Amino acid sequence: MSREICVRLYEKMRAIEGCPPVEIVMTGNVDKDPREWREKQPGSEFAHIKTKEEQETVKAKLHDPDDPLKLVIVRDMWLTGTDIPPLTYLYVDKPLKGHGLIQAIARVNRVFPGKTGGVVVDYIGIADALKEATHKYTQGGGKGKPIGDLSEEAVPIFFEALESVRKFVSPGVDISNWRAKPKVEREDWLADFVGHLMGPDEDAFLNAQARLDKAYQLVKHLPNVLPLANEALLYEIAAIQIKRYKGTGGGEGKPKNLEEELKKLIDRSIGAREEAIDLFEKAGLEKPDISILDEAFLADFEKKPHVDLRLKLIQKLLEEEIFYLVRQKSPLGIELSKKLKETIQAYHNRVITATAVAQMMVEARKRLLEERRKKEALGLTDEEMVFYDLVENMGVGVFSNEFLAGLIRKVVAAMKKEFQIDWTNPHRQDVLAKVTLAVKMVLMRENIKGEQLRFLTNAIVEKAKDKYKDWPLEA
């Protein structure tokens, strides 16, 4: 409702620990504005009063779903001429009427992948004004009816989503009294329940549970939904546990304290306590680290409970370790990733035993450890190791480890000076030529000549075209 409120809200939000990036978009008045409004703000690259170009930069950030900026505090701007499809929530805390209200709501009604609809969070009471504006300014002629109470509309959606989630529960599993079990028994039961949900269908379960949760938050206070609180909570606990052990390659970070987060979740849901469990402890694993994969682990593998759960947890840890190598286009990472998928699939098809899967994982850990030690001994980065392995495996000449490591460091540094956006595309042949020349000059300075020079240059440039095609994202 005022620019002063915008600034106060910004300061309150930034004072909250862990607050993500926030920006203000509002007009300025040189004669009246406090000087600090035109100074760069902590946690931002801009001042509160932004130039037109800076406002466009903020808008571009909101267009990018991968950009960390998700929240913008707006005062009397962006109601028209602004189309940002990823925007989902509009928080309204000032009176809006008529065409201005319709324009404001239109900011969040755009279609975007993964977005189920725009949500208007009304802090001041605009429902009547919205009905009036819809009647006056839309082609519906008043026939359409804005939803006044979302919970009424969400009930059938909730029950439909609930049935979708129930399909992932193994036949014969009784979830009706899971909360009534003694603590130790309940934790074992939860570990098994989560373990059965992990596997090939876990992403489908997570998507179904996410849809259920959205509807549940709107209807959980209703009399016909209250008896289902324990069931909804069970699925949410399972989803959080799976996300934690799913691996962080997808970008979601692990909670700093899962137990605390779960307790907060449960407290918020139905006032429960002590539902947080440590799946590693229940599966008989000492710690969430692939260092547990050794011969002692293998010898003891079949003796502990929850074999399937133990395999799935170790699989997630190993996938995390391999994921980074795959991103670096490492031959070892690609090989192990393929081998792990094939082994798990064979286990699911009952072709091999759980012990055989564990044996494969132990061997994979040994190879990862050897690769790490080799990299450290050579003093190379992960991306440099990709080119080191390439040349080493080509058998083009007898190079000492030290010479080859030094050569690769120089080659990678020289190429990076020449890379540009879209440098592998046909219309950027001039950039490709510069990269090729940079590689050739390094090799020639190291006294590599003739056929070997041509062979190595082509191989290194081809590998670079694959590894750095998305430059600078692969920087």
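Residues numbered from 1 in each chain as written. Predicted model: local features only at pLDDT ≥ 70, side-chain atom pairs only at ≥ 80, totals over all residues. Heavy atoms only, no water.

Novice: I'd like a rundown of the overall build of the chain, residues and numbers included.
Specialist: A tally of helices and strands in the chain yields 18 helices and four strands. Taking as baseline every contact in the chain between residues at least 6 positions apart, the subset at least 24 positions apart corresponds to 65%. (Helix = DSSP H or I, 4+ residues; strand = E, 2+ residues; numbered from the N terminus. Contact = heavy atoms within 4.5 Å.)

Novice: Report on the environment of Thr 80, specifying residues and quantitative values.
Specialist: Relative to the elements of secondary structure, Thr 80 occurs in the loop between strand 2 (71-74) and strand 3 (89-92). In this structure the C-alpha to C-alpha distance between Thr 80 and Gln 103, which are 23 residues apart in sequence, comes to 6.3 Å.

Novice: Requested: an account of the environment of Gly 199, with residues and values cited.
Specialist: By the element assignment, Gly 199 lies in the loop between helix 6 (183-197) and helix 7 (202-219). Its relative accessible area of 22% is what places Gly 199 among the partly exposed residues. (Buried < 20%, exposed > 50% of the residue type's maximum accessible area, 1.4 Å probe, protein only.)

Novice: Give a description of a nonpolar patch on the surface that names residues and reports values.
Specialist: Together, Met 1, Ile 5, Tyr 89, Tyr 91, Tyr 123 and Ile 124 give the surface a local cluster of nonpolar side chains, amounting to about 650 Å² of exposed area. Mapped onto the fold, Tyr 123 is located in the loop between strand 4 (119-122) and helix 4 (127-137). (Patch = residues over 30% accessible without salt bridge, like charges linked within 9 Å, V, L, I, M, F, W, Y side chains within 5 Å. Areas by Shrake-Rupley, 256 points an atom, 1.4 Å probe, with all protein chains shown as cover. Salt bridge = Lys/Arg side-chain N within 4 Å of Asp/Glu carboxyl O.)

Novice: Give me unusual backbone geometry: which residues, what numbers.
Specialist: The phi torsion at Asp 422 lies on the positive side, around 60°, for a residue other than glycine. Assignment of secondary structure puts Asp 422 in the loop between helix 16 (401-416) and helix 17 (429-445). What makes Asp 422 partly exposed here is its relative accessible area of 37%. Positioned with a positive phi, Asn 447 is a non-glycine residue whose angle comes to about 70°. Within the secondary structure, Asn 447 is located in the loop between helix 17 and helix 18 (450-467).

Novice: How would you summarise the pattern of salt bridges if you had to cite specific residues and measurements?
Specialist: Here the structure, examined in full by the defined rule, presents 22 salt bridges. Its salt-bridge partner being Lys 61, residue Glu 45 comes within 3.5 Å of it at the nearest N-O pair. With Glu 45 in the loop between strand 1 (22-25) and helix 2 (52-63) and Lys 61 in helix 2, this residue pair connects regions lying 16 residues apart in the sequence. Here Glu 335 and Arg 367 are joined by a salt bridge, their closest N and O atoms 2.6 Å apart. Placement of Glu 335 in helix 13 (residues 331-348) and of Arg 367 in helix 14 (residues 354-378) is noted, with a sequence separation of 32 residues between them. Look at Glu 335 and you get partly exposed, because its relative accessible area is 40%. On the basis of relative accessible area, Arg 367 is assigned to the partly exposed category, the value being 35%. When salt bridges that share partners are traced, they join Arg 3, Asp 33 and Arg 38 into one network.

Novice: Account for the pairing of strand 2, naming residues and giving values.
Specialist: With four bridges connecting them, strand 1 and strand 2 associate as parallel partners. When the bridges of strand 2 are listed, Glu 23 appears paired with Val 72. Handedness of the crossover is the feature at issue here: the chain leaves strand 1, passes through helix 2, returns alongside strand 2, and the resulting connection is right-handed. (Pairing = 2+ DSSP bridges. Right-handed = clockwise from strand over helix to strand, strands pointing away.)

Novice: Pulling in residues and values, what's your account of the packing of aromatic side chains?
Specialist: In total, this model carries ten aromatic pairs according to the counting rule given. Ring centres of Tyr 89 and Tyr 91 lie 6.2 Å apart, and the angle between their planes is 25°; this geometry places the pair in the stacked category. Relative accessible area serves as the criterion here: at 48%, Tyr 89 is assigned to the partly exposed category. Lying across the ring of Trp 178, Arg 179 places its NZ or CZ 5.5 Å from the centre. Cation over ring: Lys 467 sits above Tyr 468, and NZ or CZ is 5.3 Å from the ring centre. (Phe/Tyr/Trp six-rings, centres within 6.5 Å; stacked < 30°, edge-to-face > 60°. Lys NZ or Arg CZ within 6 Å of the ring centre and 35° of its normal.)

Novice: Could you give an account of the packing of helix 17 against helix 18, with specific residues and numbers?
Specialist: Where helix 17 contacts helix 18, the two axes come as close as 10 Å, and the packing angle between them is 135°. When the axis of helix 17 is compared with that of helix 18, the two are oblique. As for how helix 17 packs across helix 18, the hand of that crossing is right-handed. Along its contact with helix 17, which presents Leu 432, Thr 436, Val 439, Lys 440, Leu 443 and Met 444, the element helix 18 presents Leu 453, Leu 456, Thr 457, Ile 460, Val 461 and Lys 465. Grouping the amino acids of the contact of helix 17 with helix 18 by side-chain chemistry returns eight nonpolar, two polar and two charged. (Axes fitted to C-alpha atoms, helices over the stretch in contact; angles between N-to-C directions. Parallel < 35°, antiparallel > 145°, perpendicular 65-115°, else oblique. Left-handed = near helix turned anticlockwise from the far one by under 90°. Nonpolar A, V, L, I, M, F, W, Y, C, P; charged D, E, K, R; others polar.)

Novice: Which residues make up helix 17, and what are the values?
Specialist: Between the first and last C-alpha of helix 17 there are 24 Å, a value that for 17 residues agrees with the 24 Å anticipated at 1.5 Å per step. Every buried residue of helix 17 is listed here: Val 431, Leu 432, Val 435, Ala 438, Val 439, Val 442 and Leu 443. The buried side chains of helix 17 occupy one side of the element, clustering within an arc of 130° when seen end-on. One or two positions beyond helix 17, positive phi appears at Asn 447, with a value near 70°. (Expected span 1.5 Å × (residues − 1). Arc of directions from axis to C-beta.)

Novice: Could you give me a rundown of the nonpolar core, with the residues and numbers involved?
Specialist: Within the largest apolar cluster, 38 residues are counted, with the highest numbers of intra-cluster contacts made by Phe 158, Phe 193, Phe 205 and Tyr 235. Counting only elements with at least two residues in this core, the list comes to helix 5 (150-166), helix 6, helix 7, helix 8 (229-245) and helix 12 (307-327). If you tally residues by element for this core, the top one is helix 8, at ten residues. If we ignore the near neighbours within four places in the chain, the residues touching Tyr 235 are Leu 162, Val 165, Arg 166, Val 169, Ile 175, Phe 193, Phe 205, Gln 209 and Leu 212. If you look at the next biggest cluster of nonpolar residues, it comprises 33 residues, including Leu 404, Ile 408, Trp 423 and Ile 448. (Core = buried A, V, L, I, M, F, W, Y, C linked by side-chain atoms within 4.5 Å.)

Interpretation in functional terms is not warranted from these geometric data alone.
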